[in-house]
Amino acid sequence: MPDMPHRPHPAAPLAERPQHASAALPAIPAPTRRHVVQGLGTGTAALALGGLTAPPAAHAATEPGTPGASPSAHPAAHTHTARFFSPEDFAFLSAACERIFPADAQGPGAIALGVPHFIDGQMDTPWGRGELWYMQGPHRPEAPANLGYQLPYSPQQIYKTGLAGVVAWVQKTHQAAFETLPPETQDSILTALENNATQFDTLPAAAFFEQLRSDTIEGAFADPIHGGNKHLAGWTMMGFPGARADYMDWVDRYDTPYPYGPVSISGETA
Amino acid sequence: MAEKTLPPVDVVVVGSGWAGSIMAKELCEAGLSVVMLERGARRSTARDGAYPASIDELEGAVRYKLFQNPAQTTVTVRNRTDQEAVPYRRLAAFLPGAGVGGAGLHWTGVHFRATPQDLRLRSHVVERYGSKFIPEGMALQDYGVTYEELEPFFDRAEKVFGTSGLAYTVNGEVTGKGNVFAPDRSDDFPLPPLRDVYTAHLFRHAATEAGYHPYAMPAANASQPYTNTYGAQMGPCNFCGYCSDYACYMSAKASPNVNIMPALRRHENFTLRSNAHVLKVLLDSTGKKATGVVYQDAEGNHITQPAGLVILAAFQFHNVHLMLLSGIGKAYDPASNTGTVGRNFTYQNITNSTVLMPPTRSTDQFIGSAGGVAIDDFNSDNFDHGPHGFIGGSPLWVNQAGVKPIAGAKGSFPGAPRWGSAWKKAAIDTYRHSFTINAQGSNMAYRDVYLDLDPTWRTSYGQPMLRMTFDWKDNDIRMNRFVVSQLEGVVKALGAQDAHYGMREPGKPFDVRDYQTTHLCGGAIMGEDPKTSALNRYLQSWDVPNVFVVGANAFPQGMGYNPTGLVAALAYWSAHHIRTQWLKGNGGPLVAQ
Ligand SMILES: Cc1cc2nc3c(=O)[nH]c(=O)nc-3n(C[C@H](O)[C@H](O)[C@H](O)COP(=O)(O)OP(=O)(O)OC[C@H]3O[C@@H](n4cnc5c(N)ncnc54)[C@H](O)[C@@H]3O)c2cc1C
Ligand code: SF4
C-alpha cells in the first residue's frame, strides 16, 4: 500500500472531504494509527492527520463538559442528582439496575458504571420524549406480541408510570422500599415484573421491566460521553476497544488476540 | 401551507439511494434535466461519518440516527389476512433509510450478483423438477431478464462500487479460488478480496474440512484505495466494524454519497432537493400518463414538479406505496388473485447460529467489514432439491460486520439467563468467545402475502399507511431448517465448545421485534405478463409508460443473496433501455402488451 497522504490527488474535488482535522482523536497506539494515514489517496488523509495532531488522551478526558466528569458515580438517595427522576423513583431505579447488572467478580455494577444517571439523561432526548416512535392512536395493546410495541407510552411515560406503580406496589406487598430489601427479595420482585405479575395503569409490568433491562445494558456499554460506562469499565469487562475503529494491523494475526484497551470518543482511556 | 407549481423538467427521480443515484446519473449523462427529490435530510459521509463522533453505537445502531423515523411515516403489519394490522411503531425488524444516499449510506456492503437460476426460477424449477413441484399458493415467477443480459450491468455496478472479491471464472477460464458455483464473468472484480478476519478464517478451514466450497464474500468495501468509473475515490477499509448502520469514515464502503453524488453534482442539469417528501405521482385525465409529482417541503408547502418522465426509486415498499397512492396500475387483490401492485411481497429468510469457542482464544468480534467467508453449496439450485421437496436455498457465512457491545449483550448465548450475575458472565463470555454463522436464505412469494393500503392508520402526511401482510410459510421454514442443519459438520470441524443452531420454528410467526434484514422485496415486480407483474422487463410500468420503478420491488421472489447488487444492475439495465430506446421512441411501452 503506497504511503501517500500528502499527495494531492488529481480527482480530489470529487472525493468527499471529511472536515474535522481538529477533532480530538483517541490515543491509538502508533502501529494502528499509522495505517489510517497510510495508503489514503483520498480526503480521508485529512482525518488521519487530525489524529496525529490531536491532544493526548489525558487532555481530552479532562476537558470541561466531558460527561465523564459528571458529578456522582454513586447515586444514593442522600446525594440526589437526577434531573428527570424524583429521589424515590431514582432510588428504585438505581437499586433495580444494580440487580440487573450487579457488581460481581466480572467487574463493576450498574451504579458504579453510572447507569442510573445515563437513563436519567436519556429521558431528555428525542428518544426519551417518544419522538422516535410512532405514537399516534388508535392503540391496540391487545395485538399479538410479535407485531411489536403497541402501548401509548413514550419512554418518559413508561418510567413515570412504571416507577410510580412499582414503588407503591413494593411498598404494599413488602411494607418497605425496594432499595432497603435484601438482594434475593429484590430479585424475586424483578422476576415478578419480568413475568408480568401486575400492571401499572395500563402499562404491563413486563413492558416496564424490559425497558429497564434494555436501558441498563445501553448505559453499561454505550460510549461514556452519554454518561454511563464510567471509566470505560463496561467495555473493559466485555473486551471491546471502543472508538479505536482501526484494525488494519490485526485482521489476520490469527495467533494474537487484539491487545489494546478501550478508548472513548472523548479520548478518555480505561 | 402554500401550493406552488415549478417549471417543468425532463425527469423527476424520487429517492436518492443507489437506485435513484444511478438513474439520475445515467439520465443526466443523456443530457436530460433531472430533479431528484429526497424526503430526508442532506447527508454526507464527511459529516455523518466523521470520526470519532460517528463511532457511537448508541446513536447509530440503537437510536437509529440515519434511519427513517416512524413518527413521520411507517407501515402497519399483520401475519394473516384475518388479522388487523397494527403500526410498526419502533424500528426493529427492518430499518429503512432516509436522507441523501438512502440506505446506501448505512448499508453494510455485501455485494452479490444474482444466480442465473434465480433470475428464471419458475422456468428452471419446471424444467428440472416439473410443475407439480411448485406448492399450491406459491406465486413463483421469472424476472423476464436473464443473467447473460444483465452481466454487463453487474460488471458496471461493481466498477462503480469498487467491489472487492475473487472470481472463479472470467470469460470461461478458471482464474482464481472464488465461488465455484458463481456464474461466469466478463471481467474480474475491480479489487482483490478483503482479508479474512479470524472467525471467517476459522469458518473457511472448517467448511473445507466438512467438504464444502468456501469463498471470499464480494463486498463493496475497498480492499485498497480505489478510483471508480466516475473519478470518485475510496480509501482502504481498515476493518473498523462500523459498516452496518453507520457511514464509513474511511470512505471505504461504497455509498451513493461517496461513489456517485460527487460526479452527479457536477452535471449542471442536475438538481437535488432534500426534505422533499413526494406525496404522489400526478396522472393526466387518461390515467395513462404521468405529468409529474407533488411533494411536501420542510415548511409544509405542497409543490408540484411537472416532468416528462418519473422514476420511482424511493425503496422497495415506498415505491409500492407511491404506486398505490397514485393509482399507477391495479391494486392486487388476493381473494380474486387479480391486480398487480402489492403482489409477490417477500423478505429475506435469515436465521443466525451462534458458535461458542473454547475460552482460550478471543474471537475479536468487533473487528469487521462486509467481507467474510461463505459457502454456496446450499444456495439457489446448487443442490438437488428433488428429495427435499422445497424450493430455494441459502448461503451460509461468517459475515462479521463488527459486533458492538450493546448488541452483543442484549443477545447473549441463547438459553442463558437474561439479567443478573449469571447473565453478565454469559454475555461477556459470549461476546469474547463466540461468533455467528448466518443462513441468509430465499423467501418465496405466496398468494396471501402482499402489500396494500391500511384502512385505519395514517402517516404524518395524512395519507393511508402501507399495510404488510407477511408470514413465514412451510416451504421456507423447511428450506431454512435443512440448510442450517448442514452446519453440523462445520461446527464439529471448528472444535466448538457449544453451538446454538438458529432455525425457523414451525408455527412461530414473523416477528417485527427482531432485527432481520432490510432486504424487503417485491410488491411491484417485473415480468413478462401484465396480469402477474406491475412492471415489464425494463422496470417500466405496464400501465403508465412514462413511469419506471427501480428497486428490489421488482424481484418476483427473494433470493439467498443480498439485494443491492441486483438492484444496481437492474437500474443500469433500465437506464440503458431508457437511453437507447425509450427516449428515441414516442414515450410509449417498451414491451407490447
Ligand atoms: C443496516 C443495513 C444493512 C444493509 N446491508 C446490505 C448489504 O450488505 N448488502 C446489500 O445488498 N444490501 C444491504 N442492505 C440493503 C440496501 O441498503 C438496500 O437494498 C439499498 O440501499 C436500496 O437502495 P434503494 O435506492 O432502492 O433504496 P434506499 O437506499 O432506501 O433509497 C430510497 C430513498 O428514497 C427516499 N424516499 C422514500 N420515500 C420517499 C418519498 N415519498 N419522497 C421522497 N423521497 C423518498 C428515502 O428517504 C431514501 O433515501 C442493507 C440495509 C440496511 C438498512
Ligand atoms: S469496516 Fe471498512 S468499509 Fe466498513 S465502515 Fe469500517 S472502514 Fe468502512
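Definitions and cut-offs
- Residues numbered from 1 in each chain as written.
- Chains lettered and ligands numbered in written order.
- Predicted model: local features only at pLDDT ≥ 70, side-chain atom pairs only at ≥ 80, totals over all residues.
- Heavy atoms only, no water.
- Core = buried A, V, L, I, M, F, W, Y, C linked by side-chain atoms within 4.5 Å.
- Buried < 20%, exposed > 50% of the residue type's maximum accessible area, 1.4 Å probe, protein only.
- Helix = DSSP H or I, 4+ residues; strand = E, 2+ residues; numbered from the N terminus.
- Domains from an automatic or database assignment.
- Near = heavy atom within 4 Å.
- Polar contact = N/O pair within 3.5 Å; in protein donor to acceptor, adjacent residues only side chain to side chain.
- Areas by Shrake-Rupley, 256 points an atom, 1.4 Å probe, with all protein chains shown as cover.
- Nonpolar A, V, L, I, M, F, W, Y, C, P; charged D, E, K, R; others polar.
- Pairing = 2+ DSSP bridges.
- Contact = heavy atoms within 4.5 Å.
- Axes fitted to C-alpha atoms, helices over the stretch in contact; angles between N-to-C directions.
- Expected span 1.5 Å × (residues − 1).
- Buried area = accessible area lost by both parts, 1.4 Å probe.
- Salt bridge = Lys/Arg side-chain N within 4 Å of Asp/Glu carboxyl O.

A. Highlighting the nonpolar core. A:Leu193, A:Phe208, B:Ile311, B:Leu566 and B:Leu570 are the most contacted members of the largest nonpolar core, which totals 246 residues. Per-element accounting of this core gives the leading share, 11 residues, to helix α15 (residues 564-582) of chain B. Two domains each donate at least three residues to this core, and these are domain 1 (1-52 + 59-165 + 250-347 + 445-471 + 518-593) and domain 2 (177-216 + 349-441 + 472-508) of chain B.

B. Seen up close, the site of ligand 1. Residues and elements named next belong to chain B. Taken together, 37 residues surround ligand 1, and among them Glu 38, Arg 39, Ala 103, Val 110 and Thr 564 come closest. Residue Thr 108 places a main-chain N or O atom 3.1 Å away from a nitrogen atom belonging to ligand 1. Burial of ligand 1 by the protein amounts to 98% of the accessible area it has alone, namely 1000 Å². Of all the secondary-structure elements, those providing two or more residues to the shell around ligand 1 are α1 (18-29) and β12 (277-283). The class makeup of the residues in the shell around ligand 1 is 17 nonpolar, 17 polar and 3 charged.

C. Looking closely at the sheet that holds strand β5 (residues 86-87) of chain B. Residue and element names in this part refer to chain B. What the 4 strands build is an open sheet, ordered β5-β4-β20-β19; its pairing is mixed. Every other strand in the sheet has two partners, leaving β5 and β19 (450-458) as the edge strands with one partner each. Bridge analysis of β19 against strand β20 (residues 464-469) gives 5 bridges, and the strand direction is antiparallel. In the sheet register, Asp 452 faces β20, and the bridge partner there is Arg 467. Strand contacts of helix α10 (residues 316-326): β4 (75-78), β19 and β20, with the helix running at about 70° to β19, the strand carrying the most contacts.

D. Fine view of the pairing of β12(B). Residues and elements named next belong to chain B. Where β12 meets strand β13 (residues 290-296), 6 bridges bridge the pair, whose relative direction is antiparallel. Directly across from Leu 283, in β13, lies its bridge partner Ala 290. The hairpin formed by β12 and β13 contains 6 residues between the paired strands, and Gly 287 there has a positive phi angle of roughly 75°.

E. Structural context of helix α8 (residues 205-221) of chain A. Here α8(A) spans 25 Å end to end across 17 residues, near enough to the 24 Å set by a 1.5 Å rise per residue. Burial within α8(A) is extensive, with 15 of its 17 residues counted as buried.

F. Region of the structure containing the domain arrangement of chain B. Residues and elements named next belong to chain B. Taken as a whole, chain B is organised into domain 1 (1-52 + 59-165 + 250-347 + 445-471 + 518-593) and domain 2 (177-216 + 349-441 + 472-508). The C-alpha centroid of domain 2 is placed 29 Å from the C-alpha centroid of domain 1. Contacts between domain 1 and domain 2 engage 41 residues on the former and 39 residues on the latter. Carbon and sulfur atoms supply 57% of the area buried between domain 1 and domain 2, which totals about 3100 Å² over both sides. One salt bridge in this structure joins Asp 187 and Lys 159, with 2.7 Å as the shortest N-O distance. Seen at the junction of domain 1 and domain 2, the total is 17 residue pairs in polar contact (both at pLDDT 80 or more).

G. View of helix α12 (residues 420-433) of chain B. The first and last C-alpha atoms of α12(B) sit 20 Å apart over 14 residues, in line with the 20 Å expected at 1.5 Å per residue. Of all the residues in α12(B), the buried ones are B:Gly420, B:Trp423, B:Lys424, B:Ala426, B:Ala427, B:Ile428, B:Thr430, B:Tyr431 and B:His433. On its buried face, α12(B) is in contact with α4 (87-100), α8 and α9 (233-238) of chain A together with β15 (349-356), α11 (405-410) and β18 (434-441) of chain B.

H. Looking closely at the site of ligand 2. Near ligand 2, the surroundings consist of 14 residues, among which B:Cys237, B:Cys240, B:Cys243, B:Cys248 and B:Gly368 are the closest. Partitioned by chemical class, the residues of the shell around ligand 2 number 8 nonpolar, 5 polar and 1 charged.

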